Amino acid sequence: MKYQVTHTFPVPLEKLLHAREERYKHLDQFPDLKNVTLLEEKKEGNLIHQKRKVSLEGSMPAVLSAALNDLSLLEESTFDITTNTHEFKISPPGKDNVFVIKGKSKYEASGSESTRSYDVDVVSSLLFVSPIVEKAIEEIHKHSLEKDRKSIAKFLGVET
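Now for a look at the structure at hand. (Residues numbered from 1 in each chain as written. Predicted model: local features only at pLDDT ≥ 70, side-chain atom pairs only at ≥ 80, totals over all residues. Heavy atoms only, no water.)

### Focus on the sheet that holds strand β4 (residues 72-80)
Taking strand neighbours across the sheet as the criterion, the seven strands line up as β1-β7-β6-β5-β4-β3-β2 in an open arrangement whose pairing is antiparallel. The strands lining the two open edges of the sheet, one partner per strand, are β1 (2-9) and β2 (36-44). Between one strand and the next, the sheet's axes are offset by a mean angle of 15°, whatever the strand orientation. Pairing analysis gives eight bridges linking β2 to strand β3 (residues 47-55), with the strands arranged antiparallel. (Pairing = 2+ DSSP bridges. Helix = DSSP H or I, 4+ residues; strand = E, 2+ residues; numbered from the N terminus. Axes fitted to C-alpha atoms, helices over the stretch in contact; angles between N-to-C directions.)

### Quick word on the pattern of salt bridges
The tally for this structure, following the rule as stated, stands at 10 salt bridges. Linking Glu138 and Lys142 is a salt bridge whose minimum nitrogen-to-oxygen distance equals 2.7 Å. Placement of both Glu138 and Lys142 in helix α3 (residues 130-156) is noted, with a separation of four residues, approximately one turn of the helix. The class for Glu138 is buried, based on a relative accessible area of 6%. (Salt bridge = Lys/Arg side-chain N within 4 Å of Asp/Glu carboxyl O. Buried < 20%, exposed > 50% of the residue type's maximum accessible area, 1.4 Å probe, protein only.)

Laid out in C-alpha cells, this is it:
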C-alpha cells in the first residue's frame, strides 16, 4: 500500500532542518516523542545513519498484537545532508513478514516556506489479513507523521 504525505512549514529550509534534529535533544519538551529511543547514530561524510526504537504500547492494533511479542518497532534510516533526503525502513524487530514500512522523505525550500514530503510503502506478508494490516499501519504511520510535524512546528514556535 503506497501513500504520500506533505507538510509545509512557514520557515526557511535551514530552520526546518535544524528543528528536525534538535528536537530529539529536548525530549522533555515533546511528550509525543517520548516513545522514541535513539539506539545508534553514525555520521559518514554527508550521511547520518540512525537506528531508533519506537514503542507501540497502547497503540498496537488488535490484528497485530497476536503476531508480535515485542510491541515496538525498529527504524533504520539514512539522512543525506547534501540532498536533504531521508530514507527509512520501519518494522517489528525480526518480524519483517508482519509488515515493513519503507519510505523516503525530502526536505525542500519553497520561497519563504519549506516542505517535507513523504513517499511511503507498507507491505505485509501475513496470510489472509495483509490488506487489513497494511491499512492499519498506514493510519498509524500517518498519525505518527502528524505528531512529528506538530513537534517540529512547536520547536520552531509556529504552533503551540
